[in-house]
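Single-letter residue listing:
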Amino acid sequence: MKFNHTLTLDYQPSFRSESVAGMFDVPVAAKLSKSWQVDMPIEDLDWSVGMIVGPSGSGKTTIGKVAFPHAKLFDGSRHDNWGSPGFLDDFAAHLNIKDITSAIMQVGFSSPPCWMLPFSALSNGQKFRTEMARLILEAQPGETLMVDEFTSVVDREVAKVCSSAVQKMIRRSDKKLVAISCHYDIAEWLEPDWIYYVDTGEFKLTRGLLRRPEIQLVIQKVHYSAWELFKGHHYLDAKVSKSAHCFVATIDDKPVAFAAALPFPHPTVKNMWRGHRTVVLPDYQGIGIGNTLSEFLGDYYLAQGKRYTSATSHPAMVAHRVKSPKWIMTRKPGRVPVNGKSGQLTSSANRITASFEYIGASHDAE
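Since the structure is predicted, the reported quantities are computational estimates derived from the model, not experimental observations.

(A) Spotlight on the nonpolar core. Ranked by size, the top nonpolar core spans 44 residues in total, and within it Phe87, Phe91, Ile104, Met132, Phe150, Val166 and Leu177 carry the most contacts. The contacts of Val166, once residues within four sequence positions are left out, are Val107, Phe128, Met132, Ile136, Phe150 and Leu177.

(B) Representation of the packing of helix α8 (residues 289-302) against helix α9 (residues 315-323) in the model. It is the contact of α8 with α9, at a shortest axis distance of 10 Å, that shows an interaxial angle of 55°. Our classification of the angle between α8 and α9 gives oblique. The two elements α8 and α9 cross, and the hand of that crossing is right-handed. From α8, Gly290, Asn291, Ser294 and Glu295 reach across to α9, where they touch Met317, His320 and Arg321. Tallied by class, the residues present in the contact of α8 with α9 amount to one nonpolar, four polar and two charged.

(C) Structural view of the packing of aromatic side chains. Tallying each qualifying case throughout the model produces 19 aromatic pairs. A ring pair is formed by Trp273 and Tyr301, whose centres lie 4.8 Å apart and whose planes are at 15°; its orientation type is stacked. Of the two residues, Trp273 is situated in strand β12 (residues 272-280) and Tyr301 in helix α8; the sequence distance between them amounts to 28 residues. Both residues of the pair, Trp273 and Tyr301, belong to the buried class.

(D) Layout of the pairing of strand β11 (residues 254-263). By the criterion of burial, β11 is predominantly enclosed, with seven of the 10 residues buried. Pairing geometry for strand β10 (residues 245-251) and β11, over seven bridges, is antiparallel. Within β11, the position partnered with His245 by the bridge is Ala261. Hairpin connection between β10 and β11: a loop of two residues separates the two successive antiparallel strands, and Asp252 in this loop has a positive phi of roughly 50°. Taken together, the seven bridges between β11 and β12 define a ladder with antiparallel strand orientation. Within β12, the residue paired with Ala257 across the bridge is Val280.

(E) How the structure looks around helix α5 (residues 124-138). Under the 1.5 Å per step criterion, the end-to-end length of α5 is 21 Å for 15 residues, consistent within 8% with the ideal 21 Å. The element α5 is largely enclosed, with a buried count of 13 among its 15 residues.

(F) Fine view of the sheet that holds strand β7 (residues 194-197). Taken in spatial order, the six strands make up an open sheet running β4-β5-β6-β3-β7-β8, and their pairing is mixed. Every other strand in the sheet has two partners, leaving β4 (72-75) and β8 (202-205) as the edge strands with one partner each. In this sheet, neighbouring strand axes are inclined to one another by 15° on average, regardless of whether the strands run parallel or antiparallel. Across four bridges, the pairing between strand β3 (residues 49-53) and β7 is parallel. Across the sheet, Met51 pairs through a bridge with Ile195, a residue of β7. Most of the contacts of helix α2 (residues 60-67) go to strand β6 (residues 176-181), to which it runs at about 155°, and overall it touches β3, β4, β5 (144-148), β6 and β7.

(G) Representation of unusual backbone geometry in the model. Here Asp25, not a glycine, exhibits a phi torsion of approximately 55°, which is positive. In this fold, Asp25 is placed in the loop between α1 (15-23) and β2 (31-39).

(H) Looking closely at the pattern of salt bridges. Summed over all chains, the structure comprises nine salt bridges. Between Glu191 and Arg211 there is a salt bridge, with the nearest N and O atoms lying 3.6 Å from each other. In this pair, Glu191 sits in the loop between α7 (187-190) and β7 while Arg211 sits in the loop between β8 and β9 (218-222), placing the two residues 20 residues apart along the sequence. Judged by relative accessible area, which is 52%, Arg211 ranks as exposed.

About the thresholds
- Residues numbered from 1 in each chain as written.
- Predicted model: local features only at pLDDT ≥ 70, side-chain atom pairs only at ≥ 80, totals over all residues.
- Heavy atoms only, no water.
- Core = buried A, V, L, I, M, F, W, Y, C linked by side-chain atoms within 4.5 Å.
- Buried < 20%, exposed > 50% of the residue type's maximum accessible area, 1.4 Å probe, protein only.
- Contact = heavy atoms within 4.5 Å.
- Axes fitted to C-alpha atoms, helices over the stretch in contact; angles between N-to-C directions.
- Helix = DSSP H or I, 4+ residues; strand = E, 2+ residues; numbered from the N terminus.
- Parallel < 35°, antiparallel > 145°, perpendicular 65-115°, else oblique.
- Left-handed = near helix turned anticlockwise from the far one by under 90°.
- Nonpolar A, V, L, I, M, F, W, Y, C, P; charged D, E, K, R; others polar.
- Phe/Tyr/Trp six-rings, centres within 6.5 Å; stacked < 30°, edge-to-face > 60°.
- Pairing = 2+ DSSP bridges.
- Expected span 1.5 Å × (residues − 1).
- Salt bridge = Lys/Arg side-chain N within 4 Å of Asp/Glu carboxyl O.

The structure is reproduced here in structure tokens:
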């Protein structure tokens, strides 16, 4: 599409504005105007994610509104329509809880204890993810969503992780996203199909050209006391066995995830270990760190001639393992019907979980 657009405003003089004009020799006309010549050839393009980027005050939002007049515009700094005691109840009434929680996890908000909170109690990163989940989920099929100030209210590292998670959800849906931002650092994480640079008027077709930067994850075996940093984000309880093997993953020396494993007594299999805890801190959820850490543990035990099994209730983790040749499903999703030896319910009881055994990359080619 090509268009010329001029925005004109009537100048309303006041004592203060006239004072500023005089102090700084600002030439003031009766009308204030700004014009743009836009060439954005996307009419015949099959796209899912686009990006309009430029400095503050360059006209990004104005261009977006003209280019996409029928898009659903969302101002990323607004937090209206969030008044329930728990934010889950703020989603549209016709949506079922399975769809809501699935959407929340798709954008990388995988901390069920926090789902009980009101929207106002969430962190900025959690608010952004929740708003994106709700916006995408409540949109009509085929609708274009235009998000102004995309990721502007969150930490820049969080912005990158959120961008990656949101674009994945959009591409799984039948909707489109136009992200309007003054931040260039998210482009590789958002992986847009096209970018329009407002400051230069340049349009770039970027589908397949931008790839999320590789994440350098360092994993180390640690003392069980490291659990203190992560326990508040686990959806079961705050305990970890003192006999567990514990591991922490870091990015740039910053702890981002924790995993633990325990010996698994088995009537017929020797040297079996099982996953005990896996937690990824909220700011880093949605980019596959949990799966990477879990498979690291699998490789760690396989290298010692041991076997590794893991049960999970996380839909994204179940889906990953079902598709991966590194895992075999040993129990289909369902509730664990039996009690532990102590007579108390096991940690998986009353939850729908699936069990997998890790067989590793050596089986990929077989």
